[in-house]
Amino acid sequence: MPFDFRRFDIYRKVPKDLTQPTFTGAIISVCCCLFILFLFLSELTGFIATEIVNELYVDDPDKDSGGKIEVTLNISLPNLHCELIGLDIQDEMGRHEVGHIDNSMKIPLNNGDGCRFEGHFSINKVPGNFHVSTHSATAQPQNPDMTHIIHKLSFGDKLQ
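- Going by what an unreviewed UniProt entry lists, the protein chain is known as Endoplasmic reticulum-Golgi intermediate compartment protein and is assigned to Gekko japonicus.
- Checking UniProt for the protein chain, the heading Function (unreviewed entry) contains the comment "Plays a role in transport between endoplasmic reticulum and Golgi."
- As recorded by UniProt, the Sequence similarities (unreviewed entry) comment attached to the protein chain reads in full: "Belongs to the ERGIC family."

Set out below in structure tokens:
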């Protein structure tokens, strides 16, 4: 007795005793069931899957720190003279310092052809940036080579 595929037709329009299952109806029924199973499994895997979200929140300024974050920077620029290097700090509270030199040192490297910049400074807990650049130099180099090696960059106190 051969397998009758037509009995899988679930879309009959009239009572069973008045209908005759068709091969086309069975194919449509099986395809719909497979599609429903596919949708169910897709939604189930989306529901079960773990989503990893990386976010950084900066806390509100408090009385202890005065709304500041301590930054420690140690960077080598092997192809740029020390007199050309400066630290620029800018933020949305109006701070804009070009050539910030407080608590910083410039150490010549490679017989003066390079420089190691070490600095410790405070930035406000607001959107902004700081960058090592040639903006504070008295004479701007034509094609500065800003190749660098970051030895240390830390924000805030060291956590235990």
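## Brief notes about the pairing of strand β4 (residues 104-109)
- Sheet analysis places β4 next to strand β5 (residues 114-124), joined by six bridges and oriented antiparallel. When the bridges of β5 are listed, L109 appears paired with G114.
- The antiparallel pairing of β4 with β5 creates a hairpin that spans four residues between the two strands, and N110 there sits at a positive phi of about 50 degrees.

## Here we look at the nonpolar core
- Membership of the largest hydrophobic core comes to 17 residues, with the highest contact counts inside it found for L73, I85, L87, F117, F121 and V132.
- At the level of elements, β1 (68-77), β2 (86-91) and β5 are the ones that each hand at least two residues to this core.
- Considering every element that reaches this core, the biggest residue donor is β1, with five residues.
- Every residue in contact with F121, bar those within four places of it in the chain, is listed here: I69, E70, V71, L73, L87, I89, H100 and F130.

## Digging into the sheet that holds strand β3 (residues 96-100)
- A sheet is described by the order of its strands in space; here three strands give the open sequence β3-β2-β6, paired in antiparallel fashion. Among the strands making up the open sheet, the edge pair consists of β3 and β6 (128-133). Taken over all neighbouring pairs, the strand axes of this sheet differ in orientation by 10 degrees on average, direction set aside.
- Pairing of β2 with β3 involves three bridges; the strand directions are antiparallel. Residue pairing in the sheet places L87 in a bridge with H100 of β3.

Cut-offs and rules
Residues numbered from 1 in each chain as written. Predicted model: local features only at pLDDT ≥ 70, side-chain atom pairs only at ≥ 80, totals over all residues. Heavy atoms only, no water. UniProt positions renumbered as here; feature names shortened; annotations may be inferred. Pairing = 2+ DSSP bridges. Helix = DSSP H or I, 4+ residues; strand = E, 2+ residues; numbered from the N terminus. Core = buried A, V, L, I, M, F, W, Y, C linked by side-chain atoms within 4.5 Å. Buried < 20%, exposed > 50% of the residue type's maximum accessible area, 1.4 Å probe, protein only. Contact = heavy atoms within 4.5 Å. Axes fitted to C-alpha atoms, helices over the stretch in contact; angles between N-to-C directions.

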